[in-house]
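A structural walkthrough
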Amino acid sequence: MSDAAFQAAMQDVAAAIEALLPELLPKPEGHTEALDGAMLYACLGGGKRLRPLLTVAGADLFGVRRGHSLRAAAAIEMLHCYSLAHDDLPCMDDDDLRRGRPTLHKAYDEATAVLAGDGLQAQAFAVLADPATHPDAAVRLELVAALAQAAGPRGMVGGQAIDLHAEALAEQSKFMTMAEISRLQALKTGALIGFAAEAGGILGRAEPAARQALRAYAGAIGLAFQIADDILDREGDAATLGKRVGKDEAAGKATFVGLLGLEGAKARAAELVREAQGHLGQLPGDTGVLHGLAAFVITRRS
């Protein structure tokens, strides 16, 4: 797939998700108007929508209707946006800028940001459980269970807890090893990326081998994505990224760049992309979008 074709596919899914999210979220009204508006604010206004693209592209391989895969993808994006809203809070990463706009707690207030994140998390599961997402209740149940696992204490939330522990260690001039930081990122970033990829296989009732290939692909690009984030934190600029740069280094955190060096990190990310693309040979259909996505995670500038 050419780069232009991949960009078109990515933009197509991003536009569909941007249009669908307001339909699936509560309309601002009455005493919950600020909460409802904050949930919309957290979800809209940009973003690469990589996780939705993973879900839709994976589901396409198994002939899943776009109406179904887009709803599942929107639920995953709600969960992701909740995590960003909470991650930006003063008690977490304390960021003022996200996607080139004030973070949610700056645009509203801290309490509303917490509640909006809570609301987005709950709404994600409501969307997955809705028969409109898939006619088979067993498929919906598996989606709900798998997202709960990816988002919970042995997934994204667990990774965030380890990240806070890493900050406390850094304050004592103690740093995590490569194995420890890899586990941190496999949970904090990789678990939801892994679910986003496998969700397409769940929707399409794929065979176990195909679902395993999707998980392996996602595991490799999830780690490559985080390494690329570490590289951008060192080399990028806030105007392009839409968020503050250099914060991890300033906080003394152990990063892949710090552990491997800049060139070593770039080499490892490229190796992971090749590994991810190798898993695609085990999948049916045209995997061009997934090939392109693997390359994009380390060539992106934001």
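See the structure printed just above.
Residues numbered from 1 in each chain as written. Predicted model: local features only at pLDDT ≥ 70, side-chain atom pairs only at ≥ 80, totals over all residues. Heavy atoms only, no water.

1. What to know about the pattern of salt bridges
Note the cut-off: Salt bridge, as used here: a side-chain nitrogen of Lys or Arg that lies within 4 Å of a carboxyl oxygen of Asp or Glu. To qualify as a helix, a DSSP run of H or I must reach at least 4 residues; to qualify as a strand, a run of E must reach at least 2; elements of each kind are numbered from the N terminus. Using a 1.4 Å probe on the protein chains alone, a residue whose accessible area is under 20% of its type maximum counts as buried, one over 50% counts as exposed, and one in between counts as partly exposed.
Within the structure shown, the criterion is met by 18 salt bridges. A salt bridge links Glu77 to Arg49, with the nearest nitrogen and oxygen atoms 2.7 Å apart. Here Arg49 lies in the loop between helix H2 (33-43) and helix H3 (50-60) and Glu77 lies in helix H4 (residues 66-87), a separation of 28 residues in the sequence. Note on Glu77: relative accessible area 1%, which makes it buried. A salt bridge links Arg211 to Glu142, with the shortest nitrogen-to-oxygen separation between them at 2.5 Å. Placement of Arg211 in helix H10 (residues 208-235) and of Glu142 in helix H7 (residues 137-151) is noted, with a sequence separation of 69 residues between them. Since its relative accessible area comes to 16%, Arg211 is described here as buried. Where salt bridges share partners, they join Glu18, Arg49, Glu77 and Arg99 into one cluster.

2. A few points about H2
Selection rule: Should any heavy atoms of two residues lie within 4.5 Å, those residues are considered in contact.
Taken across its eleven residues, H2 has eight buried, putting it largely inside the fold. Residues of H2 that are buried: Asp36, Gly37, Ala38, Met39, Leu40, Tyr41, Ala42 and Cys43. Looking at the buried residues of H2, the elements they touch are helix H1 (3-24), H4, strand S2 (101-102), helix H5 (104-107) and helix H6 (110-129). The positive-phi residue at the C-terminal boundary of H2 is Gly45, with phi of around 90 degrees.

3. Quick word on unusual backbone geometry
Phi at Arg99 takes a positive value of approximately 55 degrees, unusual for a residue other than glycine. Structurally, Arg99 is set in the loop between strand S1 (97-98) and S2. Judged by its relative accessible area of 23%, Arg99 falls in the partly exposed class. At Arg205, a position not held by glycine, the phi torsion is positive, near 50 degrees. Within the element layout of this structure, Arg205 appears in the loop between helix H9 (178-203) and H10. Of the residues examined, Arg205 reaches a relative accessible area of 53% and is grouped as exposed.

Fair warning: the whole summary comes from geometry, so function is off the table for now.
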